[in-house]
Amino acid sequence: MALPSPLTDLFSRRLLIVSGKGGVGKTTVSIALARLGVRSGKRVLLAGIETQGELGRLLGRPELGAEPVKVAAGVQACDLDAKTALRDFLRLRLKIHAIADRVASNRAFAGFFTAAPGLREYVLLGKAWYEARDRSGWLSGGPRHDLVVLDAPASGHATAFLRAAHQITDVMVGPLRTQATEIRAFVTDPALTALVLVATPEELAVNEAVEFARAARRPLGVHVGLVVLNGVFPRLFERATGGLPDSASGPDLALLRAAQFRISRETEQARLLRRVRRSLPGPQIVLERLLEPEDDDEVLAAVERELAEAHRP
Amino acid sequence: MKQILREARIVLVCGKGGVGKTTLSAAAALQVARTGRRTLVCTIDPARRLANALGISKLADAPRRLPAAALRKAKLPETLELYASMLDTKRVFDEVIQRHAGGPDAAQRILDNPFYQLVSNYLTGSQEYMAVERLHQLHDEGKYECIVLDTPPSRHALDFLEAPRRITEFLESGFLGWILRPTAETGIGFLRGAGRKLISVVTKLLGSDLVHQVSDFFRAFEHMAPGFDERAKQVRELLQSDATAFLAVTTPTPRALAETRILVRRLHESGFPVRGVVFNRVACDWEAAPPRGRSREKPTPLPAELRPLLTTNFQQLQALARRDRAEIEATLAELPPNLVRVLIPDHAVEVRTLAGLARLGRQLCAVGKA
């Protein structure tokens, strides 16, 4: 009997927060997860957090903005920005749009908001929550989307992002707190929200993932639902490291040195993969690095295929 | 690159997150120190591995000198003066307040404000801004002949440039503090009216406790704002002067290269000319790579049964090398022609010793064609 795939588990959540060190392939993994979500029958919202056009470019929709648009059957996408999130937040709180828009466009308020600690992050997180939660009031019913895949900021900034609701419930009283409490409950409920950590088999990326996972668990209390190891060199030399000479001549020298490089890289990777297995929680998936020249679409297709196979390291 | 590292008094290493800025900053600083200058590398990343490589147990805000034992072990001269420190945003912020608040009482009032405590820890862009403040401080002290500054990791390398503007906007929003004053003592009638309306809206949003803290904070901060502006201006001038060299670091992935092109252009437009671009982790072309030393052993023929495997590997790696090369060529065509370019090969294992950093430093200065 086939064991349940880590993805089936993952897709039972409402909100997936995809993060990791800069440059590890968060956006690619987010898009692949969104597509796979659709394949398992979900209506998906793929939301970038201030990716400044990167998400849109990869989707072939350079004009992608803060308003969700349909990008494929079952997938809507948007690239959230703090300004629009603030406007929506104010509209929701102040009810009358004209007043909300005037506050949002007030220069002093905008300046304050841009730099004020946690507020930007809070309205962005709030927006993601708003899209993922059950609708209440006269709109009551299911959520707008079955699954929200959030292409979140790099881990350094993502902690601030995840902490935003906690910060408000910890230090504030008053009306903001009520909503922040709801958001906090949502993102810390393992049945509703999961973190997807992306890392490459490099020392710094692994360190950052380990530290982020630790911070997510405590004090934040956000559940890690999946670890994706991206860009892993496919193993070639598993059984063949013994019989190589130390030097060679002529064109064989290049062959030998390329092999020596590959062997050290594979050994180093194996060490880091062991460390990931030991130190990171949750199911883990390894995605191999593509070795042929490829364009964005091919990378995406390959990542989607490999994620679907969901083999473990 | 050799000349840049010999002459610059400030080296600013910038680029998007995850391209290897911190390690390259340390390698560049080591290379500067080897020219006999007292050098400080100020990193943002609490990279333990870097601290280990430098022979320092833990990087801290106070600069620490590389111990002689570590230098000996890496076969470097013990007279070499290299210091390393790690930016502690909160601490720099506190020091700025203590120094410029206009008296210990005023300083304490700010430091005790709960809103300040939030701001100093989490203010958006404060890491970037405090790096600028720290640079100003260190340069003023004049203790180091060269400072290598690693810029904060961010999704977008340009954040570093934007930070001062963001902070200024934040301070200017002190206007909000004025509006929020519970007892608006001054003000023209209609402004007060508008203020009252805004105050009621904002109080409704944020709650009155926070509003009080915020308005206290801005009142205490009011007269410090010009100082912030002044120092930001001075740092700007310093960074635009000949004493400063900007280095952009990138990996040869299309996305990193695209950002680097934008970064270099934007820096030029803002009057911060980039002197050099470092392409890091470039797949090695094994056919063209010069032999590494000479082996004493007599070459033995490769085992025939391994040959197919070796050939597959070689072809795969060469394909990567060709792709990197093509990406870099395309990028270079779009960059200003007078930039120094350096290619650093992809190392199988990341640098984790001082000797490794020294090797990387030498590669940085190697004369080669890009």
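Structural data are supplied above this passage.
Everything numeric in this text was worked out from a predicted model, so none of it was measured. (Residues numbered from 1 in each chain as written. Chains lettered and ligands numbered in written order. Predicted model: local features only at pLDDT ≥ 70, side-chain atom pairs only at ≥ 80, totals over all residues. Heavy atoms only, no water.)

Draft legend 1. Highlighting the packing of helix 4 (residues 82-94) of chain A against helix 5 (residues 97-105) of chain A. Residues and elements named next belong to chain A. Look at helix 4 against helix 5: their axes get within 8 Å of each other, and the N-to-C directions meet at 140°. The orientation of helix 4 with respect to helix 5, classified from their angle, is oblique. Every pair of crossing elements has a handedness; the one defined by helix 4 and helix 5 is right-handed. Between helix 4, through Arg87, Leu90, Arg91 and Leu94, and helix 5, the contact on the second element is made entirely by His97, Ile99, Ala100, Asp101, Val103 and Ala104. Here the contact of helix 4 with helix 5 is built from residues that sort into 6 nonpolar, 1 polar and 3 charged. (Axes fitted to C-alpha atoms, helices over the stretch in contact; angles between N-to-C directions. Helix = DSSP H or I, 4+ residues; strand = E, 2+ residues; numbered from the N terminus. Parallel < 35°, antiparallel > 145°, perpendicular 65-115°, else oblique. Left-handed = near helix turned anticlockwise from the far one by under 90°. Contact = heavy atoms within 4.5 Å. Nonpolar A, V, L, I, M, F, W, Y, C, P; charged D, E, K, R; others polar.)

Draft legend 2. Representation of the sheet that holds strand 7 (residues 274-282) of chain B in the model. Residues and elements named next belong to chain B. The strand order across the open sheet built from 8 strands is 3-4-2-5-1-6-7-8, with neighbouring strands paired in mixed fashion. Here the strands that pair on one side only, and so sit at the sheet edges, are strand 3 (64-65) and strand 8 (340-345). Pairing between strand 7 and strand 8: 5 bridges, direction parallel. Pairing of phenylalanine 279 across the sheet is with leucine 343, part of strand 8. The strands that helix 14 (residues 254-269) touches are strand 1 (10-14), strand 6 (244-250) and strand 7; relative to strand 6, the one it contacts most, it runs at about 160°. Packed on one face of the sheet, helix 16 (residues 354-365) meets strand 7 and strand 8 and runs near 140° to strand 8. (Pairing = 2+ DSSP bridges.)

Draft legend 3. Geometry of the sheet that holds strand 8 (residues 193-199) of chain A. All names here are of chain A. Taken in spatial order, the 8 strands of this open sheet run 3-4-2-7-1-8-9-10, and their pairing is mixed. Strands at the two margins of the open sheet, each flanked by one partner only, are strand 3 (69-72) and strand 10 (284-288). Averaged over all neighbouring strand pairs, the angle between strand axes comes to 25°, with direction disregarded. Inspection of the sheet shows strand 1 (residues 15-20) paired to strand 8 by 6 bridges, in the parallel sense. In the sheet register, serine 19 faces strand 8, and the bridge partner there is leucine 197. The strands touched by helix 11 (residues 251-279) within the sheet are strand 9 (224-232) and strand 10, with strand 9 carrying the most contacts at an inclination of about 175°. Across the sheet, helix 12 (residues 296-309) touches strand 9 and strand 10, and the angle it forms with strand 10 is around 145°.

Draft legend 4. Highlighting the pairing of strand 8 of chain A. Residue and element names in this part refer to chain A. Of all 7 residues making up strand 8, 7 are buried, and the element is well covered by its neighbours. Of the two faces of strand 8, both are covered, the one formed by Thr193, Leu195, Leu197 and Ala199 as well as the one formed by Ala194, Val196 and Val198. Relative to strand 9, strand 8 runs parallel, the two being bridged by 5 bridges. Bridge pairing in strand 9 links valine 196 to leucine 226. (Buried < 20%, exposed > 50% of the residue type's maximum accessible area, 1.4 Å probe, protein only.)

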